[in-house]
Amino acid sequence: MANPAIDHIFAADPSAHVFEDRLYVYVSYDQPDTNTHDSMVSYHCLSTEDLVNWVDHGEILHLDAVDWAISHMWAIDANYWQGKYYLTFCAIDRDTSFFQTGIAVSERPEGPFRNLGKVQNVEWGQDPGFFVDNETPYLVWGGRGEILIAELAEDLMSVKPETIKNLSADLDGYEGPFLHKYQDRFYLTFPALDNEKWPQRMCYAVADHPLGPYKNMGVYIDVYEGNSGTIHGSCVEFKGQWYALYHSAWVSGRPTSRSLMIDKLEYRDDGSIVPIVPSKSGAVAGKTSIEIHLDAASGFLWETKTRVDSSDFSGHGYVCGFVAQERGFSVKADFGVVGTWKVYLRYRSSADTFHGRMLFGNHLFYDGNQNQSYDQYIKRGTVFPGTAGQWEEVLIGEITVAPGQYQIRFSASLNLEQSDFAVDRVRLVPAK
Ligand code: FUB
């Protein structure tokens, strides 16, 4: 069974893009056990090279890192623009209590992303889609029954007011627009209601130019058993096949704990989309698998440093400077369901032994308070064998989780004069 494609977290509003032959899916994050969309505060990035083996790159942006936002981290999109990757997201503005579109940047497609601020000239900037065609960036957004589109300025920090088009009259869309291009035409997909009645269905419209005018082509995913009330998604071509991504309530049965769905998408010769019936078998044969990859250099550093003076690390760099007790790093891991995971550390050290410890807990300790307690030790005051200076990945232990967000912290447990101990990443794999 390949649907839902992943089931360790509740991932909604999937926006899919291919970068360097790998599929990246940017999702909003349904807090486990919530009964409202208002509690959404973060985003994740998932990626795969074959739709079977998936990586969750962890939290890529959190409300706490967005100074202008107060709540409702709803739907997102991401794209490549002039050498970097940009995330367009939305949240309720602290000053106006309106949805605004935010923009964040990363050097890598999987994030994490740094907040750059609000996109100017966008009113009620809910559910922003970021589309690039012919070296022109576009923002398409909307909610409360309206969908709008405009050209973005080159720095992406505003839309050009003279290009704003309100597409509502043509589309009858509710929210969540996403643009893709097929055979030189522009396909706008969006959730819509049937005569004001919920649940939403996925519809699409086609145009010869991103700014329209659009012809409404109707429904391509109708109401189905196990829907989550909302539906929201994207379409992407990956390795020669088109796919539709959306979300359902198939794991939780609840509209506020949604799961990532992927089905094959086919076009007819006239360019219309063959309606999709959500399937348990999904887009690939057999079962999918998941791993969580957490980049140490993107974590919270406890008096350690990141370095980028080699190319053999897997994320934004590696962490070094583990020369005194408590010096280390911590990374966050999200789980939507109960489970047991194996914890691996990719590290290198030329010394024969290094004394370190790895802790695990659900306390947020970003205030620098080192006296918090932890639920579980993964390894306590343990010798980490030397690796003759080469990166090696070592199984450290297992953790058992209930739904929630946890910190995984690695630190030195002895004072040393010097140490070349360095860490690249933490990898979590479900224990069978
Ligand atoms: O995920 C929160 C909201 O639900 C999205 O912004 C909407 O498009 C709907 O999917």
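Here, the structure is the one placed above.
Residues numbered from 1 in each chain as written. Predicted model: local features only at pLDDT ≥ 70, side-chain atom pairs only at ≥ 80, totals over all residues. Heavy atoms only, no water.

Draft legend 1. Spatial organisation of the site of the ligand. Taken together, Asp 13, Met 40, Trp 74, Ala 75, Asp 127, Glu 175, Thr 230, His 232, His 247 and Arg 258 make up the full set of residues near the ligand. Asp 127 is positioned with one of its side-chain polar atoms (N or O) 2.5 Å from an oxygen atom of the ligand. Relative to its unbound accessible surface of 280 Å², the ligand loses 99% to contact with the protein. (Near = heavy atom within 4 Å. Polar contact = N/O pair within 3.5 Å; in protein donor to acceptor, adjacent residues only side chain to side chain. Areas by Shrake-Rupley, 256 points an atom, 1.4 Å probe, with all protein chains shown as cover.)

Draft legend 2. Local environment of the pattern of salt bridges. Inspection of every chain in the model, using the stated rule, returns 21 salt bridges. Arg 185 is the partner of Asp 208 in a salt bridge, and the nearest nitrogen-oxygen pair spans 3.2 Å. One end of the pair, Asp 208, is in the loop between β16 (197–207) and β17 (215–221); the other, Arg 185, is in strand β15 (residues 185–194), and 23 residues separate them in sequence. With relative accessibility at 60%, the residue Asp 208 sits in the exposed group. Judged by its relative accessible area of 33%, Arg 185 is partly exposed. One salt bridge connects Glu 398 with Lys 342, and the closest N-O pair in it is separated by 3.4 Å. Of the two residues, Glu 398 sits in strand β29 (residues 392–401) while Lys 342 sits in strand β26 (residues 339–348), which places them 56 residues apart along the sequence. Judged by relative accessible area, which is 44%, Glu 398 ranks as partly exposed. When its relative accessible area of 25% is taken as the criterion, Lys 342 is described as partly exposed. (Salt bridge = Lys/Arg side-chain N within 4 Å of Asp/Glu carboxyl O. Helix = DSSP H or I, 4+ residues; strand = E, 2+ residues; numbered from the N terminus. Buried < 20%, exposed > 50% of the residue type's maximum accessible area, 1.4 Å probe, protein only.)

Draft legend 3. The arrangement of the environment of Ile 147 in detail. Considering the arrangement of structural elements, one finds Ile 147 in strand β12 (residues 146–151). In this structure the C-alpha to C-alpha distance between Ile 147 and Phe 190, which are 43 residues apart in sequence, comes to 8.8 Å.

Draft legend 4. Highlighting the state of the cysteines. Using the criterion set out here, one finds zero disulfides in the structure. With no disulfide of its own, Cys 235 lies closest to Cys 203 among cysteine sulfurs, the gap being 12 Å. Relative accessible area serves as the criterion here: at 2%, Cys 235 is assigned to the buried category. (Disulfide = S-S within 2.5 Å.)

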